[in-house]
Amino acid sequence: MPKINENYLNLKESYLFSEINHRVAEYTKQNPDKKVIRLGIGDVTRPLGDAIIKGLHEGVDAMASAGTFKGYGPEQGYEFLRSAVASYYAGHNISIDPSDIFISDGAKSDTGNITDIFGNDNVILIPDPVYPVYVDSNIMCGRKITYMSATAENDFLPLPDKNVHADLIYLCSPNNPTGAVYSYDQLKAWVDYALENEAVILFDAAYEAFISDSTLPRSIYAVEGAKKCAIEFCSLSKTAGFTGTRCGYTIVPKELVFKSSDGREVSLNALWNRRQTTKFNGTSYIIQKGAAAVFTEEGMAQCMENISYYKENARIICDVFAKKGIRYFGGEHSPYVWFECPGGMDSWTFFDYLLNNAQVVGTPGAGFGENGKNYFRLTGFGTRENTIEAMERIDKLI
Ligand SMILES: Cc1ncc(COP(=O)(O)O)c(C=O)c1O
């Protein structure tokens, strides 16, 4: 009989979205005439830009002739896309060596798989509330997690505690679920801490394209020294609407060198390369052609149009909370609006209240961690029409 990985038994039941769907299905069954509006999901709704569609078509057409057909590609991604990503960073004054960039099928896989290259006895620091993949992927390996509190008191942006040592630190900015964004000085504090503690920051920049204030860092590498202490994950899911198309990338600078227990110098870039070449056969050529089109002038302009649309939705959501005097976070450099449940309700009670009285579906903060239990997340990813209607209903209700 095989011995199973019993660490999986320590995972909390992943019931957030299934419980939401269950409650909405029950409500719809009882109230078939009511129009329910969903502003809970983190999925995009706008179609891909024309330039990206053209890129995808070029990829498909290449498959039709023997001369241009592509079989297995490089596991790390095609050079044309790695260079396009590097140019994108260069456009934000950040120099990245294309060979430090690993193309993947998305940031969920990479943020989950990165555990493979680190040992089990690291001290792992994860904010609460948080994107659940960081927590669950570490529990799957039997690792102990130290949580750092993200609360209204620290604007949901926890800073390093010099009295606590950590080896691995997960940060996400702009944050899911809170929409909070670290400033340059705050990220510098983390980089300084990591360098001092010989720690590695695992920085998730999946929402960087939503930042419109040029003084806010879109990448951890905006901070000097970060290449010696940080891995960055990014995704085209929210930048370019690739949630269903699937493409992301992870940057593992060659400057990340640490000592093994027997004193050898080990490059994390080499370890990740080994991990990927062993367990991953690369992202499809067709998808990489579409992804490369994202980084053209025309492609990026089309992506930014969609992002502006989502941000305008987020602004419409924020305006109602501002008017009502409800404390909210995010929504400015993020598609997410994170707010305190009115009347001291806990997040599931508020979920039911909103569904029953306004037929609007959001995400209860409890699903992201203990500190989310009195908070709620709405997203700007809906249609304009639905966002306006949902917020008019909420405005009347609360
Ligand atoms: C913070 C964060 N990281 C990563 C992802 C996953 O991105 P991808 O679609 O590239 O797997 C998400 C998706 O919602 C996210 O919110």
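Bear in mind the structure is a predicted one, so any value in this text is a computation, not a measurement.

Conventions adopted
Residues numbered from 1 in each chain as written. Predicted model: local features only at pLDDT ≥ 70, side-chain atom pairs only at ≥ 80, totals over all residues. Heavy atoms only, no water. 1 Å grid on protein atoms, 1.4 Å probe; cavity = no way out; pocket = protein on both sides within 12 Å on 5 of 7 lines; lining within 4 Å. Points joined across faces, edges and corners; volume = space filled by probe spheres on them. Helix = DSSP H or I, 4+ residues; strand = E, 2+ residues; numbered from the N terminus. Nonpolar A, V, L, I, M, F, W, Y, C, P; charged D, E, K, R; others polar. Domains from an automatic or database assignment. Near = heavy atom within 4 Å. Polar contact = N/O pair within 3.5 Å; in protein donor to acceptor, adjacent residues only side chain to side chain. Areas by Shrake-Rupley, 256 points an atom, 1.4 Å probe, with all protein chains shown as cover. Sits in = over half its atoms within 2 Å of the grid points. Pairing = 2+ DSSP bridges. Contact = heavy atoms within 4.5 Å. Axes fitted to C-alpha atoms, helices over the stretch in contact; angles between N-to-C directions. Core = buried A, V, L, I, M, F, W, Y, C linked by side-chain atoms within 4.5 Å. Buried < 20%, exposed > 50% of the residue type's maximum accessible area, 1.4 Å probe, protein only. UniProt positions renumbered as here; feature names shortened; annotations may be inferred. Parallel < 35°, antiparallel > 145°, perpendicular 65-115°, else oblique. Phe/Tyr/Trp six-rings, centres within 6.5 Å; stacked < 30°, edge-to-face > 60°.

The next subject is the layout of surface pockets. Computed from the structure, the largest pocket encloses a volume of approximately 1400 Å³. Taken together, 46 residues line the largest pocket, and the ones lying closest to its centre are F17, Y131, P132, V133 and F368. Secondary-structure elements contributing two or more residues to the lining of the largest pocket are α1 (16-30), α4 (107-113), α5 (132-139) and α7 (236-240). Considering every element that reaches the lining of the largest pocket, the biggest residue donor is α5, with 7 residues. Class assignment for the residues of the lining of the largest pocket results in 22 nonpolar, 12 polar and 12 charged. For the lining of the largest pocket, the domains that each give at least three residues are domain 1 (13-42 + 299-397) and domain 2 (50-295). Forming the walls of the second largest pocket are 17 residues, and the residues nearest its centre are F118, N122, F258, K259 and L268. Listing elements by their share of the lining of the second largest pocket, those giving two or more residues are β9 (257-259) and α8 (268-279). Broken down by element, the residue count for the lining of the second largest pocket peaks at 3 residues, all from β9. A per-class count over the lining of the second largest pocket returns 10 nonpolar, 4 polar and 3 charged.

Another aspect to go through is the site of the ligand. The full set close to the ligand counts 14 residues, and N176, D204, Y207, S235 and S237 are the nearest of them. In the environment of the ligand, an oxygen atom lies 2.8 Å from a nitrogen or oxygen atom belonging to the backbone of K108. Contact distances for the ligand include 2.8 Å between an oxygen atom and a side-chain N or O atom of R246. About the coverage of the ligand: the protein hides 91% of its 400 Å² of free accessible area. Among the cavities detected, the one that contains the ligand is the largest pocket. Mapped onto the shell around the ligand, the elements with two or more residues apiece are α4 and α7. When its residues are assigned to classes, the shell around the ligand shows 6 nonpolar, 4 polar and 4 charged.

What follows concerns the sheet that holds strand β11 (residues 328-330). The strand order across the open sheet built from 4 strands is β11-β12-β15-β14, with neighbouring strands paired in antiparallel fashion. Edge strands, defined here as strands with exactly one partner in the open sheet, are β11 and β14 (363-364). Relative to strand β12 (residues 336-340), β11 is paired through 3 bridges, and the arrangement is antiparallel. Bridge pairing links F329 to W338 in β12. Along the sheet, helix α11 (residues 347-358) contacts β12, β14 and β15 (375-379); its crossing angle with β15, the most-contacted strand, is approximately 50 degrees.

Moving on to the nonpolar core. Of all hydrophobic cores here, the largest spans 97 residues; its most connected members are I169, I201, F242, Y249 and F295. The dominant element in this core, judged by the number of residues it contributes, is helix α10 (residues 297-324), at 11 residues. Two domains each donate at least three residues to this core, and these are domain 1 (13-42 + 299-397) and domain 2 (50-295). If you look at the next biggest cluster of nonpolar residues, it comprises 22 residues, including Y170, C172, L268 and W272.

Here we take up the UniProt feature "modified residue: N6-(pyridoxal phosphate)lysine" (unreviewed entry) in the protein chain. Mapped onto this numbering, the UniProt entry gives "modified residue: N6-(pyridoxal phosphate)lysine" (unreviewed entry) at K238. Looking at the element boundaries, K238 is found in helix α7. Taking the relative accessible area as the measure of exposure, K238 reaches 12% and is therefore buried. When residues no more than four places from it in sequence are discounted, the contact partners of K238 are G42, V44, A206, Y207, F210, T243, I307, Y336 and F381. Here the side chain of K238 touches G42 through a polar contact of 2.9 Å, landing on its backbone oxygen.

This part is about the packing of helix α2 (residues 50-62) against α10. At their nearest, the axes of α2 and α10 sit 7 Å apart, and the two run at 130 degrees to each other. Viewed along their axes, α2 and α10 adopt a mutual orientation that is oblique. Residues D50, A51 and I52 of α2 touch α10, and the partners they reach there are E298, G299, Q302 and C303. Classifying every residue of the contact of α2 with α10 by side-chain character gives 3 nonpolar, 2 polar and 2 charged.

Here we take up the packing of aromatic side chains. One pass over the full model with this rule turns up 27 aromatic pairs. Ring centres 4.8 Å apart and planes at 75 degrees place the aromatic pair F156 and F329 in the edge-to-face group. With F156 in the loop between β4 (145-149) and β5 (168-172) and F329 in strand β11, this pair connects stretches of sequence that are 173 residues apart. Judged on exposure class, the residue F156 and its partner F329 are both buried. Here the aromatic rings of Y207 and Y336 are separated by 5.2 Å at their centres, their planes lie at 70 degrees, and the arrangement is edge-to-face.

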